[in-house]
2 protein chains.
Amino acid sequence: MQERHISSAFDRDLEQLQILLMKMGGLVESSISDATGALMNADEELASKVHATDETIDQLEEEINQHAGRIIALRSPVASDLRTVLTVMKISSNLERCGDYTKNLAKRTTALAHMRPVDEAGPGLRRMAREVGMMLKSALDAFIQRDADLAEEIRLRDDDLDRMYNAVFRELLTHMMEDPRNITACMHLHFIAKNMERMGDHVTSIAEQVIYLVTGERSGDARPKSDRTAFDVTE
Amino acid sequence: MQERHISSAFDRDLEQLQILLMKMGGLVESSISDATGALMNADEELASKVHATDETIDQLEEEINQHAGRIIALRSPVASDLRTVLTVMKISSNLERCGDYTKNLAKRTTALAHMRPVDEAGPGLRRMAREVGMMLKSALDAFIQRDADLAEEIRLRDDDLDRMYNAVFRELLTHMMEDPRNITACMHLHFIAKNMERMGDHVTSIAEQVIYLVTGERSGDARPKSDRTAFDVTE
């Protein structure tokens, strides 16, 4: 009886930890969409909302770390329970980075609002934002459902995101070369694209944590990587 | 007697964990310097060395995670010991990101070797690399010596690094506007500068972990942040 009591209090602790993580993930998801909306519509009010949400996201990470620390110290979890706790901590740190990136996107709203618009870059960036948002949603679903196959799909989708980034990068280069007055705006837009590509890397890392949690195996480096801009010699 | 025996085996485990972390940190330090050397001297051999070292860095992170997981599962550490284990895991994840950034720097060696040189950007980037390397060294020292004051200094130094980045960013903008043939090379150089600035953020995060480990308190957001490029409207 006593053991059962302890075990169900433990289950509640674990559940609470995962609820915090889902809350954090949900906020990051909506922030990605808000930050993109703010950028596209030069909506500074929405940009401040993203800024405020990032603070909540940071607090949630802190709360998760403390709750996880308490679980480890008080309940001494082992095997798959311990793996769950450590995985939640790692995922929350990936989510926190994504939150930082969206805050950084939103910060550029004001700057871009005062620049020559580079309309052609909009659709590419919007596509990237939508893709990374959907990847994050799937990664969180994969975690909750302990679905390694879904997580595996996300790893492959990151490749598409990298391709989208390459396309935006080339487009921006072309605009800058055509007219040097586009350079400053394009540098900002490039930042934005690169941040989205990096968010994709963090979402992929979340997916890899899920695979590890479910299968106990690391996915290795088989992941395709299509950001080729480091090798670009477009002159 | 039994307890003593257990406790000293535990101490050895903790020590081993920290040795792994220092090894990982040392490799990241030398990679930063190698990657910069490779870039500046178009040394592709040195660039491949950085690539190979990044694999070792990744393996070390994995080893640290496993070792930490074993300590938690087998020894049920509490209080400051648990904090040490969790801090090591967090620091190793920051180090792994820094390793990724240096690999990314090194990857650009080949591309840049085939481009119009932008000589003026060299000194600024070299200064940034030196600064981030020294910051990392201090952060690892602060961890080993549990020196919160030294860690606090690093947080402030990150501000200098941000200023250096701003200077490089402006310089690159000017070069691009002066001559569009510089654009591609400058985009690569800008990536490099941004990656160094981000490494600074990770080193700062390591310093903050050390402060937390020593004082039990989070340093909050009092950290100065001098990357103002998101607000730049230089046209």
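Further up the page is the structure itself.
Residues numbered from 1 in each chain as written. Chains lettered and ligands numbered in written order. Predicted model: local features only at pLDDT ≥ 70, side-chain atom pairs only at ≥ 80, totals over all residues. Heavy atoms only, no water.

Draft legend 1. Layout of the packing of helix α2 (residues 44–75) of chain A against helix α3 (residues 79–113) of chain A. Residue and element names in this part refer to chain A. Remark: α2 packs on α3, axes separated minimally by 9 Å, with the N-to-C direction vectors making an angle of 165°. When the axis of α2 is compared with that of α3, the two are roughly antiparallel. By crossing handedness, the relation of α2 to α3 is classed as left-handed. (Axes fitted to C-alpha atoms, helices over the stretch in contact; angles between N-to-C directions. Helix = DSSP H or I, 4+ residues; strand = E, 2+ residues; numbered from the N terminus. Parallel < 35°, antiparallel > 145°, perpendicular 65-115°, else oblique. Left-handed = near helix turned anticlockwise from the far one by under 90°.)

Draft legend 2. Fine view of unusual backbone geometry. Residues and elements named next belong to chain B. For S76, which is not glycine, the phi dihedral falls at a positive 40°. Checked against the element boundaries, S76 lands in the loop between α2 (44–75) and α3 (79–113). Phi angles above zero are rare outside glycine, and A79 is one such case at about 45°. Counting through the fold element by element, A79 comes out in helix α3.

Draft legend 3. Quick peek at the interface of chain A and chain B. Taken together, the contacts link 47 residues of chain A with 47 residues of chain B. Taken together, the links from chain A to chain B amount to 2 salt bridges. Between the two partners, chain A and chain B, sit 5 residue pairs in polar contact (both at pLDDT 80 or more). Elements that contribute at least two residues to the side of chain A that touches chain B include exactly α2, α3, α5 (148–178) and α6 (183–215) of chain A. With 10 residues, α6 of chain A is the single largest residue contributor to the side of chain A that touches chain B. Looking at the side of chain A that touches chain B, its residues break down into 22 nonpolar, 11 polar and 14 charged. (Contact = heavy atoms within 4.5 Å. Salt bridge = Lys/Arg side-chain N within 4 Å of Asp/Glu carboxyl O. Polar contact = N/O pair within 3.5 Å; in protein donor to acceptor, adjacent residues only side chain to side chain. Nonpolar A, V, L, I, M, F, W, Y, C, P; charged D, E, K, R; others polar.)

Draft legend 4. Seen up close, a negative patch on the surface. All names here are of chain A. Judged by side-chain charge, D119, E120, E171 and E178 come together as a negatively charged surface patch. Relative to the helices and strands, E120 is located in the loop between α3 and α4 (121–144). Overall, E120 belongs to the partly exposed group, its relative accessible area being 47%. (Patch = residues over 30% accessible without salt bridge, like charges linked within 9 Å, V, L, I, M, F, W, Y side chains within 5 Å. Areas by Shrake-Rupley, 256 points an atom, 1.4 Å probe, with all protein chains shown as cover. Lys, Arg positive; Asp, Glu negative; His and termini not counted. Charge placed at Lys NZ, Arg CZ, Asp CG, Glu CD. Buried < 20%, exposed > 50% of the residue type's maximum accessible area, 1.4 Å probe, protein only.)

Draft legend 5. Region of the structure containing the packing of α5 of chain A against α6 of chain A. Residue and element names in this part refer to chain A. Orientation of α5 relative to α6, taken along the N-to-C sense of each, is 170°, at an axis distance of 9 Å. One element, α5, and the other, α6, form an angle in the roughly antiparallel class. Class assignment of the residues belonging to the contact of α5 with α6 gives a composition of 19 nonpolar, 5 polar and 8 charged.

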